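Structural features, examined
Next come the chains, spelled out residue by residue.
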Amino acid sequence: MSGNAIVDAAGRVVQLRGVNRSGAEYACAEGWGIFDGPTDDATSIAAMKSWHINAVRLPMNEDCWLAINGVSAAYSGANYRNAIVQYVNDLNARGIVVILNLHFSAPGGTLATGQLPMADRDHSPAFWSSVATTFKNNHSVLFDLFNEPYPNSNQDTAAAWSCVLNGGTCAGVNFTAAGMQEMTTAVRNTGATQPILVAGPQYAGVVDLWSQYKPNDPLHQLVASIHIYGLPLDSPCRLQSCWDSVMAPLATTTPIVIGEMGDTNCTSSFSPPLMTWADAHGVSYTPWAWNVSNCAGDPSLITNYNGTPTAYGVGVRNHFLLFP
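Computed from a predicted model, the values in this text were never measured in an experiment.

Some remarks on the packing of aromatic side chains
Here the structure, examined in full by the defined rule, presents 13 aromatic pairs. Measuring from ring centre to ring centre gives 6.4 Å for tryptophan 65 and tyrosine 80, while their planes differ by 90°; the resulting arrangement is edge-to-face. Of this pair, tryptophan 65 sits in helix H3 (residues 62-66) while tyrosine 80 sits in helix H4 (residues 77-93); the two residues are 15 residues apart in sequence, bridging distant segments of the chain. Between tryptophan 128 and phenylalanine 143, the aromatic rings sit 5.6 Å apart at their centres with planes inclined by 65°, giving edge-to-face as the arrangement. Of this pair, tryptophan 128 sits in helix H5 (residues 124-135) while phenylalanine 143 sits in strand S5 (residues 141-144), and the two are 15 residues apart along the sequence. According to the relative accessible area criterion, phenylalanine 143 is buried, its value standing at 0%. Grouped by ring-pair contacts, the aromatic residues Trp65, Tyr80, Phe127, Trp128, Phe135 and Phe143 constitute a single cluster. One Lys or Arg, arginine 17, reaches over the ring of phenylalanine 323 and ends 3.4 Å from the middle of that ring.

Written out as structure tokens, the structure reads:
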């Protein structure tokens, strides 16, 4: 990071335009694989490159990485970690930056099979300590600490923001939460210097109090993360009035990554205007998701792993192709 921008080793501003590649957060815990579909092969990566994608956000599972809570050995521990490292290396080799994201987590002996309102103090700091140690010498990765916090009954309140920052005992969370501060500290204690993405409450839907409740990072390498979906899956910052009044001022001081976004009605009506606005404000974005699935409910960008777009994906691909 330099000022309000993500930059490369030469100091040139980098805007991330990419996709989410879902699968490594759930397949392992469900016991049938590490990735979902041909994620880690040259054909799939070449298809991404044909869209001019320069970033992939990779959701992960803390139980699979740490080999805890009964995950099959075939899909956890060293096998899981090595598969993630290999995929990251393969993407990096094609000029694609990777955002590593803690997506599925759970406290105690509970198997992480879904999204919870907060990261957990039992395992999440240990997850980040291990992940950061693994990747601390790779400066083509960023760390996205926790996917979508939603404590305090999914409200945008001081209590919710305080929980996201500090963890502990929080309203709407029935376990001891890990806050963004302790996970930032876990990363930095390894010696890792990469930028860290930090989300706010309401399923990462708001950044209005982000500057007030951001963690203390001694390296000053924090990126604001926000998720924005179009109707019918409404998001708190769906309207351009929010982009202009909340995101634009923050973008003058802080890099922003729209870590998830998309049309949830199988059209390309919402995403292209948001991406155009983001381009004008130096904001990066990684639409959900490079998976063959439902174009509305998920929403899915592609109909096959050769990169054939859905109706929603057409708008995203055509926008990406505007850039080198």
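The rest of the description comes next.
A word on the nonpolar core
If you look at the biggest cluster of nonpolar residues, it comprises 87 residues, and the most contacted ones within it are Ile84, Leu100, Phe143, Met247 and Ile258. Apart from the residues lying within four places of it in its own chain, the contact partners of phenylalanine 143 are Leu100, Trp128, Val131, Ala132, Phe135, Val187, Ala192, Gln194, Pro195, Ile196 and Leu197. Residues Met1, Leu16, Val97 and Leu197 belong to the second largest nonpolar core, which totals 10 residues.

Focus on the environment of valine 314
Residue position: valine 314 is located in helix H13 (residues 311-320). For the pair valine 314 and alanine 248, spaced 66 residues apart in the sequence, the C-alpha separation amounts to 27 Å. Residues in contact with valine 314, not counting those within four places in the same chain, are Ser268 and Pro309.

Re the pairing of strand S8 (residues 196-199)
With burial as the criterion, each face of S8 is covered, one bearing Ile196 and Val198 and the other bearing Leu197 and Ala199. Across 4 bridges, S8 lies against strand S9 (residues 222-229) in parallel orientation. Bridge pairing in S9 links isoleucine 196 to leucine 222.

A word on the state of the cysteines
Disulfides are covalent bonds that connect the sulfur atoms of two cysteines. For the structure on display, the rule yields 4 disulfides. With a sulfur-sulfur separation of 2.0 Å, cysteine 28 is cross-linked through a disulfide to cysteine 64. Here the disulfide of cysteine 28 and cysteine 64 is right-handed, its torsion about the S-S bond being about 90°. Separated by 36 residues along the polypeptide, cysteine 28 in helix H1 (residues 27-30) and cysteine 64 in helix H3 bring together distant segments of the chain. Neither cysteine 28 nor cysteine 64 differs from the other in exposure class; each is buried.

Things to note about the packing of H5 against helix H8 (residues 180-188)
When two helices pack together, their arrangement is given by the angle between the helix axes and by the axis-to-axis distance. Between H5 and H8, the least distance of the axes is 8 Å, while the angle of their chain directions is 30°. Between H5 and H8, the angle falls in the class roughly parallel. For the pair H5 and H8, the sense of crossing is right-handed. Within the contact between the two elements, H5 uses Ser124, Pro125, Trp128, Ser129 and Ala132 and H8 uses Glu182, Met183, Ala186 and Val187. Class assignment of the residues belonging to the contact of H5 with H8 gives a composition of 6 nonpolar, 2 polar and 1 charged.

Points about the pattern of salt bridges
Across all of its chains, the model carries 7 salt bridges by this definition. Across the pair aspartate 234 and arginine 238 runs a salt bridge, and its minimum N-O distance is 2.5 Å. The class for aspartate 234 is partly exposed, based on a relative accessible area of 45%. Three or more residues are tied together by salt bridges with common partners; here these are Arg57, Asp144 and Glu260.

Thoughts on the sheet that holds strand S7 (residues 177-178)
Spatial strand order, S4-S7-S6: 3 strands in an open sheet with antiparallel pairing. Looking at strand neighbours, the two that pair on one side only are strand S4 (119-120) and strand S6 (167-168), the edges of this open sheet. Pairing of S6 with S7 involves 2 bridges; the strand directions are antiparallel. Counted as the bridge partner of glycine 167 is alanine 178 from S7.

Some remarks on H4
Taking 1.5 Å of rise per residue, 17 residues should cover 24 Å, and H4 covers 24 Å from first to last C-alpha, within 8% of that figure. Restricting attention to buried positions, one finds in H4 the residues Gly77, Tyr80, Ala83, Ile84, Tyr87, Val88, Leu91 and Asn92. Taken around the axis of H4, the buried residues stretch over an arc of 165°, which confines them to a single face. Glycine 95 lies just past H4 and shows a positive phi near 80°.

Description of the side chain of arginine 188
Among the structural elements, arginine 188 can be located in helix H8. Given a relative accessible area of 12%, arginine 188 falls into the buried group. With residues near it in sequence (within four places) discarded, arginine 188 still touches Thr193, Gln194, Ile196, Asp217, Pro218, Leu219 and Gln221.

Calculation notes
- As a convention, each chain's residues are numbered from 1 in the sequence order in which they are written.
- Under the rules for a predicted model, residues below a pLDDT of 70 receive no local features and side-chain atom pairs below 80 are neither given nor counted, while totals for whole chains, interfaces and linings still include all residues.
- To obtain the side-chain values, all non-hydrogen atoms of the structure were included, while hydrogens and water were left out.
- We call Phe, Tyr and Trp rings a pair once their centres come within 6.5 Å, taking the six-membered ring for Trp, and we label the pair stacked below 30 degrees between planes, edge-to-face above 60, and tilted otherwise.
- We count a stretch as a helix when DSSP gives it H or I for four or more residues in a row; a strand needs E for two or more, and each element gets its number in order from the N terminus.
- Relative accessibility under 20% of the residue-type maximum defines a buried residue, over 50% an exposed one, and the middle range a partly exposed one, all with a 1.4 Å probe and only protein chains included.
- Ring-over charges, as used throughout, are those where CZ of Arg or NZ of Lys falls within 6 Å of the ring centre and within 35 degrees of the ring normal.
- Here the nonpolar core consists of buried residues drawn from Ala, Val, Leu, Ile, Met, Phe, Trp, Tyr and Cys, with membership extended through side-chain atoms lying within 4.5 Å.
- The contact criterion used throughout is that any non-hydrogen atoms of two residues lie within 4.5 Å.
- Following DSSP output, two strands are said to pair if at least two bridges run between them.
- Two cysteine sulfur atoms form a disulfide, by the criterion used here, when they sit within 2.5 Å.
- Note on geometry: axes are C-alpha line fits, over the in-contact stretch for helices, and angles between N-to-C directions span 0 to 180 degrees.
- Oblique is the label for any angle not under 35 degrees, not over 145, and not in the 65 to 115 range, which are roughly parallel, roughly antiparallel and roughly perpendicular in turn.
- Handedness of each helix crossing follows the sense of rotation of the near helix against the far helix: counterclockwise by less than a right angle gives left-handed, clockwise gives right-handed.
- We call Asp, Glu, Lys and Arg charged. Ala, Val, Leu, Ile, Met, Phe, Trp, Tyr, Cys and Pro are nonpolar, and the rest, Gly among them, are polar.
- Just to be clear on terms, a salt bridge is a Lys or Arg side-chain nitrogen sitting within 4 Å of an Asp or Glu carboxyl oxygen.
- Under the convention used throughout, the expected extent of a helix is 1.5 Å for every residue step, that is, one less than its residue count.
- This arc corresponds to the set of directions leading from the helix axis out to the C-beta atoms.

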